[in-house]
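# Structure assessment
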Amino acid sequence: MDEATSGGRRNGSGGALQASLMRYIWTHSRPQQIWILLVVVVSLPTYFLSLDLPKQIVNGPILGKGFEHADAHTTWLRIAIDVPHALDPSGTLVLFPGFELDRYGALFALSAMFLLLVVINGLFKYYINTYKGRLGEDMLRRLRFELIDRVLRFPHAQFKRVKASEISTMVQEEVEPLGGFIGDAFVQPMFLGGQALTAMVFILVQSVWLGGLAAAIIAVQFLVIPRLRRRLLVLGKERQISARANAGRVGELVEGIAAVHVNDTSNYERANADARLWRIFEIRYEIYQRKFFVKFLNNFLAQLTPFLFYAVGGWFALEGRLDVGQLVAVIGAYKDLPSPIKELIDWDQQRLDVEVKYDQVAEQFSVDEMLPPERQALVSAPVPPLAAPIRVNGLSVNDDSGATLLERVSLEFAPGERVAIVGAVGSGGEVLAEVLAGLMRPSGGRVCIGDTPLGELPQAVTGRRLAYAGAETFLPEGTLRDALYYVLKHAPLRPPPEADAAASRTNPGHLDPRADWVDYASAGASGPADLLDQTRRVLNLVSLREDVIGLGLRGEIDPDAQPALAAAVIELRCELRRRLRASGESGLVETFDPERYCRQATLVENLLFGTPVGPAFAPAGLAGNAFLREVLADTGVDRALFEMGRELAGTLIELFKDLPPDHPFFEQLSFMDAEQIPEYRGMLARLGDFATAEADDRRRLIRLTLAYIEPRHRLGLLDEALMARLVEARTRLHQGLPERLRGSIEFYDPDRYNRAATLQDNILLGRVAHGAAGGTERVVGLILHLIEEFGLQDAVLDVGLDFNVGSGGKRLSVVQRQKLVVARALLKRPDYAIFNRPLSALDPVGQREIVERLLAAAAGSEGPPFAAVCVLSNAQLAHAFDRVVVFERGQVVAQGAPDELARTAAVYAALAG
């Protein structure tokens, strides 16, 4: 495909979407449409010949026309043209004399020619269909890209009026039918119409009367069927709007599920959902009724014509006005006529349907005040710092309802200045911060950087030299590293690695996400190596480094890819044990020893003595593992675990039978939940001995024991003899592991790194003792101390950056998400940093510590200075700033140095306490 049909170009589309789908298709795929139309025209002569050959076969070799005598022959494939007598006295110039064939030879030759034409017509159809399929998919890709491009240029206020799920539904689902139509938009009527017209011409050549009958029926189809389908268009539009609204409501339901559970509104939501789905059902059922009635009528009219051909054509044949070959050819030609006619009518219906869909999408994506593409133009070159102040003159902001949020605000923020904005929630400071960040547009007044209005600056300037962090955080699913470095990805600065180079070459002219987009210079780094230094710096500023190191300890590494770190972990493991012994606290951690049972670990951990890899030994299906059952049976451990499970189930039922299901004791119970107690009670009532118990009951009781830890649960179910038998079973399991299960368990080895376990588990290679007061905190503290002593903080931090934050960053706490957003705002070293109550989830002490570090960084303590404009949740922190601006009811009521305001402005003194 050429540039005309390709999406994903540098700047997207600048103008509005075309008013009609047909115009959009023609504008962006004109050369391809013309080419495929030419191919269709070229295919029609062979189609006509394939209609004429059956008549020649029936009249000639079969009925004997031209073969009245036994030795009669015919000439096949003779090529001759009429020429003037001056060139040839006979008046005919023979280019190829052809072949002389008898009756049988002519039959097989004509049949072979018919088969060849079938193949040629099939190849034409194959090429046309595949070409238009690729064309449709490429145009669909282009349309989707253009819609996403327009979403990226929506004014921020637009996202308050539409649901995210509705936009995604339109981009992905509602335009999907357009892809199937785009390839057919021009070629289908040409192809089908050409075939239908060719067949009609052929029928008319054979018999004017039969041709007239066929034309009359076709005319009725074209007049009646589209009129009956008009209601279907209205219903289709209603269905689309209803389905989109339902998708939006389901999205809201998912986002607000906590409110549903807290307020017991699940049945109300069910009622709403049932009403919406019932309305969709009614619309779709009416569509089915009308659609299949139209199909019935269309099929009836299509079958009426063969009836007339057989009756009228047969009468003409009996009267001698039509020979049998012609009648057979007419019926054969009509056999191919209803299909293209029906498909033409379907194409017209599809055209109207997708036009409605396109109009709906175009209407939703045609937004006033959309950002021009020039503001988002790709800029690879460094953007010089902003040395001019930000001037706010007579700024007014109204919301969608017309309410005044800001009124005639005039302020100036100088480079390097540290300004605190204080006031009650909703007093106007938050709105000013959003305006300065370009997230809200002024209703009146101006915001300029120097003499240039903020709204006219390209995002290459505002997005790199300004930073913004607010209280509302949303992080796309990915790693913590992705979320942190997202603010540095402005343009592809280096080509992709060699492994991805070939893939990128298959998509020329497009921006390649596999390239290196990280602007290291913007973060004050020269490459990936020292970017980690800047990462550590900003994480320290927001007190997030320890959290990320903690995530790193719970992360995994590939020892083959990081052999130095794996070796250091093994060395650190030995040092940890030495330090614990030296301090007399060796009992805090019971290490894994191949020769003995680890009392602090679960029974299954002792049995496997390793980390499961894959589903074979996963906890969910472990009791049903055939090889494990065989090992337990050979060692007699299965009978012991069965009895242990029976006793454990009986004890638990006795202890918890009278407790309500929501009792907090059940939260600490790892063996069964409240709903399973009746099941186990019934099982124990019917249970005999091990030999007579059903296999499923055996597995359930054995599964019950797998999480048992004697020092933690203290039920006295695990004695030395059973521990020794479990160690024996462990040895048998390791030594007899079949080839198909090799690699399913990464075994513990004191001298080796376990690639399936976390860093912390590799350092411990054991379990912290249960019952030791503060044992876990002391051990983790010692591990962190050793990591620092061994110089592994950056390595573990790097592992922590690979932690997957989950959808919307929900695997992180609210506090961690807010800190992360502030950290990445600082990472790009802006000239102006705008903070809009970014740490509202932190306690006052935590806010104070981070704000003090932030102000020190703004003054240039660890890099270039920058201006900090902070809307504070806690006005008591404002005393550390150069200037304080006080908002009340959308207006600035006081501003000045903190000490001066504390003396002269009562409103500030009240806020600052």
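Here we summarise the structure given alongside this text.

Quick notes on the rules
Residues numbered from 1 in each chain as written. Predicted model: local features only at pLDDT ≥ 70, side-chain atom pairs only at ≥ 80, totals over all residues. Heavy atoms only, no water. Helix = DSSP H or I, 4+ residues; strand = E, 2+ residues; numbered from the N terminus. Buried < 20%, exposed > 50% of the residue type's maximum accessible area, 1.4 Å probe, protein only. Contact = heavy atoms within 4.5 Å. Areas by Shrake-Rupley, 256 points an atom, 1.4 Å probe, with all protein chains shown as cover. Pairing = 2+ DSSP bridges. Axes fitted to C-alpha atoms, helices over the stretch in contact; angles between N-to-C directions. Lys, Arg positive; Asp, Glu negative; His and termini not counted. Salt bridge = Lys/Arg side-chain N within 4 Å of Asp/Glu carboxyl O. Phe/Tyr/Trp six-rings, centres within 6.5 Å; stacked < 30°, edge-to-face > 60°. Patch = residues over 30% accessible without salt bridge, like charges linked within 9 Å, V, L, I, M, F, W, Y side chains within 5 Å. Expected span 1.5 Å × (residues − 1). Arc of directions from axis to C-beta.

### Notes on the overall build of the chain
Looking only at helices and strands, one finds 32 helices and 20 strands in the chain. Within the span of the chain, comprising 913 residues, buried residues form 47% of the whole. Across the chain, the fraction of contacts at a sequence separation of at least 24, relative to all contacts at a separation of at least 6, is 76%. A total of about 44,900 Å² of accessible surface is found on the chain, and carbon and sulfur atoms cover 57% of it.

### What to know about the sheet that holds strand β10 (residues 466-470)
Judged by pairing direction, the sheet is mixed, and its six strands sit side by side in the order β10-β17-β18-β7-β19-β20 without closing on themselves. Unpaired on one side and paired on the other, β10 and β20 (891-896) mark the two borders of the sheet. On average, each strand axis in the sheet is inclined to that of its neighbour by 15°, with strand direction left out of account. Note that β10 and strand β17 (residues 832-836) share five bridges and pair parallel. Bridged to Y468 within β17 is I834. Relative to the sheet, helix α12 (residues 429-436) contacts β7 (418-422), β10, β17, β18 (867-871) and β19 (883-888), its axis offset from that of β17 by approximately 145°. This element, helix α30 (residues 844-858), spans β7, β17 and β18 of the sheet and lies at about 155° to β18.

### Comments concerning the pairing of β19
Taking burial as the measure, the six residues of β19 include five buried ones, the bulk of the element. Bridge analysis of β7 against β19 gives four bridges, and the strand direction is parallel. When the bridges of β19 are listed, I421 appears paired with V885. Taken together, the five bridges between β19 and β20 define a ladder with antiparallel strand orientation. By the bridge assignment for β20, V885 is matched with Q895. Following β19, the chain reverses through two residues before pairing antiparallel with β20; R889 in that reversal takes a positive phi of roughly 55°.

### Some details on the sheet that holds strand β5 (residues 390-398)
Read across the open sheet, the four strands follow the order β6-β5-β8-β9; overall the sheet is antiparallel. The sheet is open, and its two borders are formed by β6 (404-413) and β9 (452-453), each paired with just one other strand. Summarising the sheet, strand β8 (residues 444-449) and β9 pair through two bridges and their orientation is antiparallel. Paired with I449 across the bridge in β9 is T452.

### Points about the environment of R698
Counting through the fold element by element, R698 comes out in helix α23 (residues 695-705). Taking C-alpha positions, R698 is 8.9 Å from R639, a pair spaced 59 residues apart along the chain. Discounting residues that sit within four places of it in the chain, R698 has contacts with F642, F690, A691 and A693.

### Concerning the side chain of D638
Relative to the helices and strands, D638 is located in helix α21 (residues 637-656). Within the buried core, D638 has no salt-bridge partner, and the shortest N-O distance to an opposite charge, that of R639, equals 5.8 Å. Ignoring any residue separated from it by four or fewer positions in sequence, one finds D638 in contact with L632, A633, F690 and I702.

### Focus on the packing of aromatic side chains
Any pair of aromatic rings gets described here by the distance separating the centres and the angle formed by the planes. A complete count under the given rule lists six aromatic pairs for this structure. Ring geometry for F642 against F690: centres 5.3 Å apart, planes inclined by 75°, an arrangement best described as edge-to-face. Here F642 is found in helix α21, whereas its partner F690 is found in the loop between α22 (677-686) and α23, with 48 residues between them in sequence. Taking the relative accessible area as the measure of exposure, F642 reaches 0% and is therefore buried.

### Description of a nonpolar patch on the surface
On the surface, I34, W35, L38, Y126 and Y127 cluster together into a nonpolar patch covering about 530 Å² of accessible area. Of all the secondary-structure elements, those providing two or more residues to the nonpolar patch are α1 (21-62) and α2 (103-152). Top contributing element to the nonpolar patch by residue count: α1, with three residues. Note on placement: W35 falls in helix α1. By relative accessible area, W35 is classed as partly exposed at 41%.

### A few points about the pattern of salt bridges
Per the counting criterion, the structure on display carries 32 salt bridges. E430 is the partner of R837 in a salt bridge, and the nearest nitrogen-oxygen pair spans 3.0 Å. Taken together, the residues span a long stretch of sequence, with R837 in the loop between β17 and α30 and E430 in helix α12 at a distance of 407 residues. Look at R837 and you get buried, because its relative accessible area is 11%. Among the salt bridges present, the one from D558 reaches R755, with a minimum N-O distance of 3.0 Å. Taken together, the positions of D558 in the loop between α17 (545-553) and α18 (563-582) and R755 in the loop between β15 (745-747) and α26 (759-764) put the pair 197 residues apart, joining distant regions of the chain. According to the relative accessible area criterion, R755 is partly exposed, its value standing at 35%. Through salt bridges with shared partners, a single network forms among E575, R578, R579 and E789.

### Focus on helix α27 (residues 775-789)
Over its 15 residues, α27 extends 21 Å from the first C-alpha to the last, a length consistent with the 21 Å expected when each residue adds 1.5 Å. When α27 is considered as a whole, its buried residues turn out to be G775, V779, L782, I783, L786 and I787. Seen from one end, α27 has its buried residues packed into an arc of 140°, which puts them on one side. Turned more than 90 degrees off the buried face of α27, the exposed positions are E777 and E788. Each element contacted by the buried residues of α27 is listed here: α17, α18, β13 (589-591), α26, β16 (766-768) and α28 (793-800).

### Regarding the environment of T611
On the secondary structure map, T611 appears in strand β14 (residues 610-612). Its relative accessible area of 15% is what places T611 among the buried residues. For the pair T611 and A757, spaced 146 residues apart in the sequence, the C-alpha separation amounts to 6.3 Å. Apart from the residues lying within four places of it in its own chain, the contact partners of T611 are S744, I745, E746, Y748, N754, A756 and A757.

### A look at helix α25 (residues 720-735)
Under the 1.5 Å per step criterion, the end-to-end length of α25 is 23 Å for 16 residues, consistent within 8% with the ideal 22 Å. What α25 keeps buried is the set L722, M723, L726, V727, A729, R730 and L733. Angular distribution of buried residues about the axis of α25 spans 160°; they occupy a single face of the element. Exposed and oriented more than 90 degrees from the buried face of α25 are E720 and Q735.

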